[in-house]
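# Summary of structural features
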Amino acid sequence: MGIKNNNISFHGEDQEKIETLQTVFKRAGIIDQNFKNDSDTIGKDQSILVITENGDLKKYNTYLKKMNAGLEKGSLSNGFVWYPKNETKSKEGLESLISSHLSRNILYSRESFIIRFVEDVIKNLETKTVETIKGDEKNMSIFYNVLDNNVGEEVSEMLSDIFKINKVPVDISDEKSNINNLSTLALEAKLAVVVFDQQKEWAELFTQEIWKKIGGVSSGIPILLIGTNSNKPSKISIPNVTLAEAGKELLSLEIKIQYDSLTEN
């Protein structure tokens, strides 16, 4: 799918990185030779903030507030925050500041390679375009480890009779099961469900990872972590993540009850 959009603004204090980003976007065909960056305006459809280790936290806070304000008003469609991994320890408070401003329409990346970051942005824009065209929001995305395939398949099949669902078996050996692709599927639905039977440890780690990727405490997507009572119940404590358990034959019913409760507003 070809996407060209000159309504992108680049922000940050590292002008060299910003200029390199623009060059890569031009080569990818997203912006053209007539593109001119308006670094003073956040609300221009798409906005990208480049974070650096020694940047001004107050300025970043201002950028992120404007980004969220633009999303709320509808003048901004998507925000992207790029904070490339660095071998040095992150400045105290920087990660916390970023996390406090994340939402479902802001993609946060710590990808080291600029090409891969741009690829993630393109995939995000393509996905949002498809979603807009289809207008087909899912009720829930159901994630489960392929080693718990029997439980995941049964739950998905039963719930698909009454809900629109994304059935997502996760195989950690499959390149397609990367966190970027999986978080996109989570954001397509009103509720993300992580189901487990024997793969409790994996389910807990996966829940924490997907929670961070879709916006953490600021995410508009609740997560339900639910397991069979044949295993010890999970005891992790994360904001916006609900824990539940039920017998195998009652998992689908419990998920429906939780869905009605978690999405009623």
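Residues numbered from 1 in each chain as written. Predicted model: local features only at pLDDT ≥ 70, side-chain atom pairs only at ≥ 80, totals over all residues. Heavy atoms only, no water.

### Let's talk about the pattern of salt bridges
Under the criterion given, the structure shown has five salt bridges. As a salt-bridge pair, Lys 17 and Asp 14 come within 3.7 Å of each other at their nearest N and O atoms. Linking Lys 248 and Asp 197 is a salt bridge whose minimum nitrogen-to-oxygen distance equals 3.3 Å. In this pair, Lys 248 sits in the loop between strand E9 (241-246) and helix H8 (251-262) while Asp 197 sits in the loop between strand E7 (189-196) and helix H7 (200-213), placing the two residues 51 residues apart along the sequence. The class of Asp 197 is buried, set by a relative accessible area of 7%. (Salt bridge = Lys/Arg side-chain N within 4 Å of Asp/Glu carboxyl O. Helix = DSSP H or I, 4+ residues; strand = E, 2+ residues; numbered from the N terminus. Buried < 20%, exposed > 50% of the residue type's maximum accessible area, 1.4 Å probe, protein only.)

### Structural notes on unusual backbone geometry
At Asn 240, a residue that is not glycine, the phi angle is positive and equals roughly 75°. With respect to the element layout, Asn 240 can be found in the loop between strand E8 (223-228) and E9. On the basis of relative accessibility, which here comes to 32%, the residue Asn 240 falls in the partly exposed class.

### Considering the side chain of Ser 47
Looking at the element boundaries, Ser 47 is found in strand E2 (residues 45-50). Ser 47 sits in the buried class, given a relative accessible area of 0%. At 3.4 Å, the side chain of Ser 47 forms a polar contact with the side chain of Ser 9. In contact with Ser 47, not counting residues within four places along its chain, are Ser 9, His 11, Ile 42, Met 67, Leu 76, Asn 78, Gly 79 and Phe 80. (Polar contact = N/O pair within 3.5 Å; in protein donor to acceptor, adjacent residues only side chain to side chain. Contact = heavy atoms within 4.5 Å.)

### Topic: H8
Look at H8: 16 Å from first C-alpha to last across twelve residues, which is about the 16 Å you get at 1.5 Å a residue. Those residues of H8 not exposed but buried are Leu 251, Ser 252, Ile 255, Gln 258 and Tyr 259. Seen along its axis, H8 keeps its buried residues to an arc of 125°; they face one direction. The inward-facing, buried residues of H8 contact strand E5 (138-145), helix H5 (149-159), E7, E8 and E9. (Expected span 1.5 Å × (residues − 1). Arc of directions from axis to C-beta.)

All we've got here are geometric facts, nothing functional implied.
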